[in-house]
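# Structural features, examined
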Amino acid sequence: MCPCVPAQTPAPDAGGKPVVLQKNERELRTRRPREGVASPSSDFLLKIGPKTSGSKHLLLFTEEIPPGAAIPKHKHHGEEEILLIQTGSAHVWLGDKEYDAQPGALVFIPSETWISLKNTGKENVSLVSVWNEPGFEEMLRCGSVPKGQATALLSRDGVKECYHHGDAELEPIQPSAEKKP
């Protein structure tokens, strides 16, 4: 039998320390509702980053995306991202191509690449997001609140400002009725 040790939570200002986190451990946050977006708010779990574990070079969070919900089209100016889809089905817009992603799919997003994802199935898309730099944590915090905390609607300009804090850019609203997420 493994002489396992319980999961540890280092102090946020203690610098990066080794840690083992169970599936539901770390900082659970809820995305703020957004002006003009019909998708329901979703929860995500910040697991590794400067403020959660003292990481200087990585960001990792997990998220459950409900059926029909989408990640809006955006791009990151200095960071690369990997999405690992654990459960559910999604349609992914990556650069100028489109893909259908099933459980186990991995999406690599180089910096300056437009990305969007929509849950096209009947169950939640469970994903893991890994970043080579932790700056996007600021965007995530700007556009969310700790789970259970009351929140106000986030305007389109507020969302754009949050993306700016994460060195990212939200796609401008397209005037056509046939716009993609």
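Everything discussed here concerns the structure shown above.
First, a word on scope: everything that follows refers to the structure included in this document. The shown structure was predicted, so the numbers you read here are calculated from the model rather than taken from an experiment.

Parameters at a glance
Residues numbered from 1 in each chain as written. Predicted model: local features only at pLDDT ≥ 70, side-chain atom pairs only at ≥ 80, totals over all residues. Heavy atoms only, no water. Salt bridge = Lys/Arg side-chain N within 4 Å of Asp/Glu carboxyl O. Helix = DSSP H or I, 4+ residues; strand = E, 2+ residues; numbered from the N terminus. Buried < 20%, exposed > 50% of the residue type's maximum accessible area, 1.4 Å probe, protein only. Disulfide = S-S within 2.5 Å. Pairing = 2+ DSSP bridges.

Scanning the entire structure with this criterion turns up eight salt bridges. With a closest N to O distance of 3.1 Å, Lys-51 and Glu-138 form a salt bridge. With Lys-51 in helix 1 (residues 50–53) and Glu-138 in helix 2 (residues 136–142), the pair connects residues that are 87 residues apart, well separated along the chain. On the basis of relative accessible area, Lys-51 is assigned to the partly exposed category, the value being 41%. A residue is classified by how much of its surface remains accessible, and Glu-138, at 34% relative accessible area, is partly exposed. Arg-141 is paired through a salt bridge with Glu-137; the nearest N and O atoms lie 2.9 Å apart. A residue pair is termed a helical-turn pair when its members lie 3 or 4 positions apart in one helix, as Arg-141 and Glu-137 do in helix 2 at four residues. Grouping residues by exposure puts Arg-141 and Glu-137 together as buried. Counted as one network, the salt bridges with shared partners bring together Glu-27, Arg-29, Glu-137 and Arg-141.

Working definition: the covalent bond between the sulfur atoms of two cysteines is a disulfide. Throughout the structure, instances matching the rule amount to one disulfide. Here Cys-142 connects covalently by a disulfide to Cys-162, the sulfurs 2.0 Å from one another. Note on the Cys-142 and Cys-162 pair: the S-S dihedral is about -70 degrees, so by sign convention the disulfide is left-handed. Of the two residues, Cys-142 is situated in helix 2 and Cys-162 in helix 3 (residues 156–165); the sequence distance between them amounts to 20 residues. Judged by its relative accessible area of 25%, Cys-142 falls in the partly exposed class.

The backbone of Arg-26 shows a phi angle near 120 degrees, a positive value even though the residue is not glycine. Turning to its location among the elements, Arg-26 is positioned in the segment before strand 1 (27–31). The backbone phi angle of Asp-167 is positive, close to 55 degrees, even though this residue is not glycine. Relative to the helices and strands, Asp-167 resides in the loop between helix 3 and strand 12 (168–170).

Let's shift gears to the pairing of strand 4 (residues 70–76). By the criterion of burial, strand 4 is predominantly enclosed, with five of the seven residues buried. Looking at chain direction, strand 4 and strand 9 (residues 115–119) are connected through three bridges and run antiparallel. Each bridged residue has a counterpart across the sheet, and for Ile-71 the counterpart in strand 9 is Leu-117. Of the strand pairs in this sheet, strand 4 and strand 12 are connected by three bridges, and their pairing is antiparallel. Residue pairing in the sheet places His-74 in a bridge with Leu-170 of strand 12.

This brings us to the pairing of strand 6 (residues 90–94). A large share of strand 6 lies buried, amounting to five of its five residues. Side chains Ala-90, Val-92 and Leu-94 of strand 6 all project onto a buried face; the interleaved residues His-91 and Trp-93 project onto the opposite face, where all are buried too. Two elements, strand 6 and strand 7 (residues 97–101), share five bridges in a ladder whose sense is antiparallel. What sits directly across from Trp-93, in strand 7, is Glu-98. The antiparallel hairpin formed by strand 6 and strand 7 contains two residues in its connecting segment, where Gly-95 sits at a positive phi of about 65 degrees. Here strand 6 pairs with strand 9 via five bridges, running antiparallel. Its bridge partner lying in strand 9, His-91 is registered against Lys-118.

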